[in-house]
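The residues making up each chain are set out below.
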Amino acid sequence: MKSLDVSRSSSSVSRSLYHSPRYPLRRLQLNCRSNREIKDSSNHREDCCSGGESKTWKGILSAALAAAVIVSSSGVPAMAELNKFEADTRGEFGIGSAAQFGSADLSKTVHSNENFRRANFTSADMRESDFSGSTFNGAYLEKAVAYKANFSGADLSDTLMDRMVLNEANLTNAILVRSVLTRSDLGGAKIEGADFSDAVIDLLQKQALCKYANGTNPLTGVSTRKSLGCGNSRRNAYGSPSSPLLSAPPQRLLGRDGFCDEKTGLCDAS
């Protein structure tokens with residue numbers, strides 16, 4: 001009975017509290033609705049903000065892509081003009097040097113009195129071409145075919161001309177100082193007045209050229225025969241190297257015991 005009374009009293013208390021004016025039912029329902037509306041409104045704001053930000057980024061990306069397209073399209077003519085300018089002005093400092101003619105077909109072409117300093121003619125076809133009076137300082141002509149080519153008066157000093165075909169080439173008054181002509185064929189070449197000083201030539205090729213070498217180079221004043229070392233001449237025109245102290249054998253100053261040799265007369269020199 002006591003437990004039943006306690007339960008009845010508790011239920012009556014809860015009913016009195018539920019229906020009391022301090023805790024109205026409608027107010028609780030309104031509060032719940034307001035909380036739900038607040039959550040919905042906050043979610044709506046987040047959706048609106050995220051959508052606006054995405055639209056902003058899309059606009060920025062589209063503008064950047066459009067600008068890139070405009071710049072690239074407008075830069076094409078400029079690049080074409082630059083490439084044409086570089087092709088027309090070859091070499092270093094725009095002086096027409098260091099041109100590239102590797103494996104090029106230059107047969108029967110005319111390039112007289114041009115500047116080919118440090119140019120590349122490796123394996124080029126130069127048959128019956130005219131390079132008279134041109135400058136080839138430091139150029140690369142390895143394995144080039146220059147059959148009957150005209151190099152009269154040309155400056156071929158300090159060039160790499162090994163394994164070239166120079167049959168019947170015209171080298172009249174040409175300067176070939178310090179040029180490398182190893183394994184090159186100069187059979188029947190015209191070498192009157194050519195200067196071969198300090199050039200590297202195969203022994204058999206030099207002997208063949210000495211059989212008909214003649215003349216003196218008008219620019220250097222050196223005899224062709226002397227520059228080739230014809231007539232069993234051990235010394236070439238300029239000496240190799242140019243300093244006699246470097247080319248001469250070292251002077252003996254010490255004896256067998258490692259002390260100064262009195263015979264030299266330099267032991268007491270101050």
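A short tour of the structure in this document, coming up. Owing to the predicted nature of the structure, the values given are computational and were not obtained by experimental measurement.

### Describing the overall build of the protein chain
Logical step 1: Looking only at helices and strands, one finds five helices and zero strands in the protein chain.
Logical step 2: When burial is assessed residue by residue, the protein chain has 25% of its 270 residues classed as buried.
Logical step 3: Put simply, of all contacts in the protein chain between residues at least 6 apart along the chain, 12% involve residues at least 24 apart.
Logical step 4: On the protein chain, roughly 18300 Å² of surface is accessible, and the fraction owed to carbon and sulfur atoms is 56%.

### Some thoughts on the environment of T109
Logical step 1: Here T109 is to be found in the loop between helix 2 (25-88) and helix 3 (203-210).
Logical step 2: Exposure remark for T109: the relative accessible area of 23% places this residue in the partly exposed category.
Logical step 3: When the C-alpha atoms of T109 and D130 are compared, they prove to be 6.3 Å apart, with 21 residues separating the residues in sequence.
Logical step 4: Look past the residues within four positions of T109 in its chain and what remains in contact with it is S129 and D130.
Logical step 5: A distance of 2.6 Å separates a polar side-chain atom of T109 from the backbone oxygen of L106.

### A few points about the state of the cysteines
Logical step 1: This model, assessed by the stated rule, comprises one disulfide.
Logical step 2: The disulfide bridge from C210 ends at C230, spanning 1.9 Å between sulfur atoms. Judged by the sign of its S-S torsion, about -85 degrees, the cystine formed by C210 and C230 is left-handed. Here C230 lies in the loop between helix 4 (224-228) and helix 5 (244-247) and C210 lies in helix 3, a separation of 20 residues in the sequence.
Logical step 3: The exposure class assigned to C210 is buried, which follows from its relative accessible area of 13%.

### A look at the environment of L160
Logical step 1: Residue position: L160 is located in the loop between helix 2 and helix 3.
Logical step 2: Excluding anything up to four places from it in sequence, L160 contacts A139, Y140, L141, E142 and V180.

### Here's the deal with helix 3
An α-helical turn contains 3.6 residues, so a residue and the one three or four places further along point in the same direction.
Logical step 1: Residues of helix 3 that are buried include every one of Q205, L209 and C210, and no others. For helix 3, the angular spread of buried residues about the axis comes to 135 degrees, placing them on one side. Looking at helix 3, the residues exposed on the side facing more than 90 degrees away from the buried face are L203 and L204.
Logical step 2: Packed against the buried residues of helix 3 are helix 4.

### Thoughts on the side chain of Q205
Logical step 1: Note on placement: Q205 falls in helix 3.
Logical step 2: Judged by its relative accessible area of 13%, Q205 falls in the buried class.
Logical step 3: For Q205, the contacting residues outside a window of four places in its chain are S184, D185, L186 and G187.

### A few points about the pattern of salt bridges
Logical step 1: Scanning the model with the defined rule gives four salt bridges in all.
Logical step 2: One salt bridge in this structure joins R127 and D125, with 2.8 Å as the shortest N-O distance.
Logical step 3: Assessed through its relative accessible area of 40%, R127 is described here as partly exposed.
Logical step 4: Two residues, D162 and R163, come together in a salt bridge whose shortest N-O distance is 3.0 Å.

### Concerning unusual backbone geometry
Logical step 1: One non-glycine residue, N113, adopts positive backbone phi at about 55 degrees.
Logical step 2: Note on placement: N113 falls in the loop between helix 2 and helix 3.
Logical step 3: If you check the backbone angles, R118 has positive phi at about 60 degrees while not being a glycine.
Logical step 4: Assignment of secondary structure puts R118 in the loop between helix 2 and helix 3.

### Overview of the packing of aromatic side chains
Logical step 1: On inspection of all chains with the given rule, the structure shows ten aromatic pairs.
Logical step 2: Seen from their ring centres, F101 and F121 are 5.1 Å apart, and the 15 degrees between their planes marks the pair as stacked. Remark: F121 occurs in the loop between helix 2 and helix 3 and F101 occurs in the loop between helix 2 and helix 3; sequence separation between them is 20 residues. Take F101 and F121: they sit in the same class, and that class is buried.
Logical step 3: With a centroid separation of 5.4 Å and 25 degrees between ring planes, the pair formed by F116 and F136 is classed as stacked. Highlighted residues: F116 in the loop between helix 2 and helix 3 and F136 in the loop between helix 2 and helix 3, separated in sequence by 20 residues. Across the pair, F136 and F116 agree in class, each one buried.
Logical step 4: Every member of this aromatic cluster is reached through a ring pair, and the members are F101, F116, F121, F131, F136 and F151.

The rules behind these values
- Residues numbered from 1 in each chain as written.
- Predicted model: local features only at pLDDT ≥ 70, side-chain atom pairs only at ≥ 80, totals over all residues.
- Heavy atoms only, no water.
- Helix = DSSP H or I, 4+ residues; strand = E, 2+ residues; numbered from the N terminus.
- Buried < 20%, exposed > 50% of the residue type's maximum accessible area, 1.4 Å probe, protein only.
- Contact = heavy atoms within 4.5 Å.
- Areas by Shrake-Rupley, 256 points an atom, 1.4 Å probe, with all protein chains shown as cover.
- Polar contact = N/O pair within 3.5 Å; in protein donor to acceptor, adjacent residues only side chain to side chain.
- Disulfide = S-S within 2.5 Å.
- Arc of directions from axis to C-beta.
- Salt bridge = Lys/Arg side-chain N within 4 Å of Asp/Glu carboxyl O.
- Phe/Tyr/Trp six-rings, centres within 6.5 Å; stacked < 30°, edge-to-face > 60°.

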